[in-house]
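Secondary and tertiary structure notes
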Amino acid sequence: MTQPASPDESAVRLAAVRKLISRAAGDAGRKSAEVTLVAVSKTFPAEAIAPVLVAGQRVFGENRVQEAKAKWPALKQQFSDVELHLIGPLQSNKAREAVEFFEQIETLDRPKLAAALADAIQKTGRHPELLVQVNTGAEAQKGGILPGEADAFLARCRDEFHLKIKGLMCIPPVEDPPSPHFALLARIAARNGLSTLSMGMSADFAAAIQCGATQVRIGSAIFGVR
Ligand SMILES: *Cc1c(COP(=O)(O)O)cnc(C)c1O
């Protein structure tokens, strides 16, 4: 686990990030209420997360099921209205745990996982929001449906697995200018009638908001370096 920034520091950073989100939204002719801040708390311990909760933040992203299950139940006893997003790769054999634990799963990226999630939803009666991850840069090491296969995969999620998909998520290649990737994700969402776009991290969230992001996933700008 990473050393937490001092509590005051993370609350100040959170306020600064919120201000930058408002400014980017205003700059794009959008309302800041259209953009949900997902505070990415992966690798940070509960003591580092608590001050951000106290400062009013309620939506958090974690990239591992086990880590989230170890950290969050105690925090949720104090802050019961927390909303947790899974933003990391999900193994099919952990689909049920993820469905039970998260309010949103952002990383649905293959038919086998779609089948496992459909089964878990049916068995548990829990319905987390689901986003399909698109590998906009077609990177071999990254999860996500290829852009050219996204329409067919979304149709399959609906028709074969009877899953309700809320939107799309992407992580552009670090070496590329991000905006063309954000614009591509926005086009795929628009032609499939999807309203939620999870895109933009600490380094590029203003560009993502310009391209229509409705969720930004921000870690280091709030919690410090990992
Ligand atoms: C870690 C992570 C983030 C946050 O990245 P920062 O650069 O720290 O803001 C966002 N999205 C995903 C999928 C991540 O894994």
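Keep in mind that this is a model prediction, so the values were computed, not measured.

**Comments concerning the overall build of the protein**
The number of helices and strands found in the protein is 9 helices and 8 strands. Taking 2.2 N^0.38 as the reference for a compact globule, 226 residues should give roughly 17 Å; the C-alpha atoms of the protein span a radius of gyration of 17 Å, in line with that estimate. When the backbone C-alpha atoms are referred to their principal axes, the protein occupies close to 50 × 40 × 30 Å. The contacts of the protein with a sequence gap of at least 6 include a subset with a gap of at least 24, amounting to 61%. The positive charge centre, built from 27 side chains, and the negative charge centre, built from 24, are 2 Å apart in the protein.

**Some points on the environment of valine 59**
Mapping valine 59 onto the fold places it in strand β2 (residues 59–62). Residue valine 59 is classed as buried on the basis of its relative accessible area, which comes to 12%. When the C-alpha atoms of valine 59 and threonine 107 are compared, they prove to be 16 Å apart, with 48 residues separating the residues in sequence.

**Here we look at helix α2 (residues 46–54)**
Here α2 has its buried residues at Ala48, Ile49, Pro51, Val52 and Leu53. Immediately downstream of α2, the backbone of glycine 56 shows phi near 110 degrees, a positive value.

**A closer look at the state of the cysteines**
A full pass over the atoms with the stated rule returns 0 disulfides. Cysteine 170 provides the cysteine sulfur closest to cysteine 157, a residue in no disulfide bond, and the two sulfurs are 17 Å apart. The exposure class of cysteine 157 is buried, given its relative accessible area of 0%. We note that cysteine 170 lacks a disulfide partner, and the nearest cysteine sulfur, in cysteine 211, lies 9.4 Å from it. Using a relative accessible area of 0% as the deciding quantity, one classes cysteine 170 as buried.

**Some thoughts on the packing of aromatic side chains**
In the structure shown here, the tally under the stated rule is 3 aromatic pairs. A centroid spacing of 5.3 Å and a plane angle of 25 degrees characterise the contact between phenylalanine 44 and phenylalanine 223, whose relative ring orientation is stacked. On the criterion of sequence distance, the pair formed by phenylalanine 44 in the loop between β1 (36–40) and α2 and phenylalanine 223 in helix α9 (residues 220–223) is long-range, its members being 179 residues apart. With relative accessibility at 0%, the residue phenylalanine 44 sits in the buried group. Considering the side-chain rings of phenylalanine 101 and phenylalanine 102, the 5.5 Å spacing of their centres and the 80 degrees angle between planes classify their relative orientation as edge-to-face. The ring of phenylalanine 101 has lysine 76 lying over it, and the distance from NZ or CZ to the ring centre is 5.2 Å.

**As for the site of the ligand**
Around the ligand, a shell composed of Val40, Lys42, Ile87, Met169, Ile171, Met201, Ser202, Arg217, Ile218, Gly219, Ser220 and Arg226 is seen. Serine 202 places a side-chain nitrogen or oxygen 2.5 Å from an oxygen atom of the ligand. Taking arginine 217, its side chain carries an N or O atom lying 2.9 Å from a nitrogen atom of the ligand. For the ligand, the accessible surface in isolation is 390 Å², of which the surrounding protein chains cover 89%. When its residues are assigned to classes, the shell around the ligand shows 6 nonpolar, 3 polar and 3 charged.

**What to know about the pattern of salt bridges**
A pair can form between side chains of opposite charge whenever their charged atoms are brought close. As enumerated under the stated definition, the model contains 16 salt bridges in all. One salt bridge connects lysine 71 with glutamate 67, and the closest N-O pair in it is separated by 2.8 Å. Note that lysine 71 and glutamate 67 are positioned in helix α3 (residues 65–78) at a spacing of 4 residues, about one turn of the helix. Using a relative accessible area of 16% as the deciding quantity, one classes glutamate 67 as buried. One salt-bridge network, held together by shared partners, links Glu62, Glu67 and Lys71.

So, how was this worked out
- Residues numbered from 1 in each chain as written.
- Predicted model: local features only at pLDDT ≥ 70, side-chain atom pairs only at ≥ 80, totals over all residues.
- Heavy atoms only, no water.
- Helix = DSSP H or I, 4+ residues; strand = E, 2+ residues; numbered from the N terminus.
- Rg over C-alpha atoms; globule rule 2.2 N^0.38 Å.
- Contact = heavy atoms within 4.5 Å.
- Lys, Arg positive; Asp, Glu negative; His and termini not counted.
- Charge placed at Lys NZ, Arg CZ, Asp CG, Glu CD.
- Buried < 20%, exposed > 50% of the residue type's maximum accessible area, 1.4 Å probe, protein only.
- Disulfide = S-S within 2.5 Å.
- Phe/Tyr/Trp six-rings, centres within 6.5 Å; stacked < 30°, edge-to-face > 60°.
- Lys NZ or Arg CZ within 6 Å of the ring centre and 35° of its normal.
- Near = heavy atom within 4 Å.
- Polar contact = N/O pair within 3.5 Å; in protein donor to acceptor, adjacent residues only side chain to side chain.
- Areas by Shrake-Rupley, 256 points an atom, 1.4 Å probe, with all protein chains shown as cover.
- Nonpolar A, V, L, I, M, F, W, Y, C, P; charged D, E, K, R; others polar.
- Salt bridge = Lys/Arg side-chain N within 4 Å of Asp/Glu carboxyl O.

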